[in-house]
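# A closer look at the structure
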Amino acid sequence: MIKNFTRSECDENGRRITPSEGECCGEKMSLGNFTNTCRNCGADYNSAGQLLAPREQWGEETGESLSDILSIDYADTDDLLEGN
Ligand SMILES: [Zn+2]
């Protein structure tokens, strides 16, 4: 969870002077990118400091899970090995 979130500051022309910042694992991190990863726990946050779903779940909206994709890869690998 992000603590002490500070919004990015812009000058009068709307140009960003400082990126958003927050603290995760007690360490200050920049939230200037679309996705920002904590170097300690690996949690992903968006630029608003909101925790993003774990990467393992990123395929769920399309009905594909990473385990499905991996099991297909493993099956292909087994077939290749058996062929040798
Ligand atoms: Zn963290």
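Residues numbered from 1 in each chain as written. Predicted model: local features only at pLDDT ≥ 70, side-chain atom pairs only at ≥ 80, totals over all residues.

### What to know about the confidence of the model for the protein
Predicted confidence across the protein gives a mean pLDDT of 80, with 67% of residues reaching 70 or more. For the protein, the element scoring lowest by mean pLDDT is helix 1 (residues 66-83), at 56; strand 4 (residues 21-24) scores highest, at 96. (pLDDT = per-residue confidence, 0-100. Helix = DSSP H or I, 4+ residues; strand = E, 2+ residues; numbered from the N terminus.)

### What about the sheet that holds strand 4?
Pairing within the open sheet is antiparallel, and its three strands lie in the order 1-4-5. One side of each edge strand has no neighbouring strand; the edge strands of this open sheet are strand 1 (3-6) and strand 5 (27-30). The average angle at which neighbouring strand axes cross in this sheet is 25°, direction not considered. The sheet contact formed by strand 4 and strand 5 spans four bridges and is antiparallel. Residue pairing for strand 5: Gly 22 is matched across the bridge by Met 29. (Pairing = 2+ DSSP bridges. Axes fitted to C-alpha atoms, helices over the stretch in contact; angles between N-to-C directions.)

### A closer look at unusual backbone geometry
Comment: phi is negative for the bulk of residues other than glycine, and the bulk of peptide bonds are trans. You will see that Asn 4, though not glycine, has its phi angle at about 50°, which is positive. Tracing the backbone through its elements, the reader meets Asn 4 in strand 1.

### Focus: the nonpolar core
Within soluble globular proteins, side chains that are nonpolar generally end up buried alongside one another. Within the largest apolar cluster, five residues are counted, these being Ile 2, Cys 24, Met 29, Leu 31 and Tyr 45. Setting aside its immediate chain neighbours within four residues, Cys 24 contacts Ile 2, Met 29, Cys 38, Asn 40, Cys 41 and Ala 43. (Core = buried A, V, L, I, M, F, W, Y, C linked by C-beta atoms within 7 Å. Buried ≥ 20, exposed ≤ 12 C-beta atoms within 10 Å, placed from the backbone. Contact = placed C-beta atoms within 7 Å.)

### Observations concerning the environment of Leu 31
Looking at the element boundaries, Leu 31 is found in the loop between strand 5 and strand 6 (35-37). For Leu 31, a count of 23 C-beta atoms within 10 Å puts it in the buried group. As a C-alpha pair, Leu 31 and Phe 5 span 26 residues in sequence and 9.2 Å in three-dimensional space. Once residues within four sequence positions are removed from consideration, Leu 31 is found in contact with Pro 19, Ser 20, Glu 21, Gly 22, Asn 36, Tyr 45, Ser 47 and Gly 49.

### Thoughts on the environment of Gly 42
Take Gly 42: it is sitting in the loop between strand 6 and strand 7 (44-46). With 18 residues separating them in the primary sequence, Gly 42 and Cys 24 have C-alpha atoms 9.9 Å apart.

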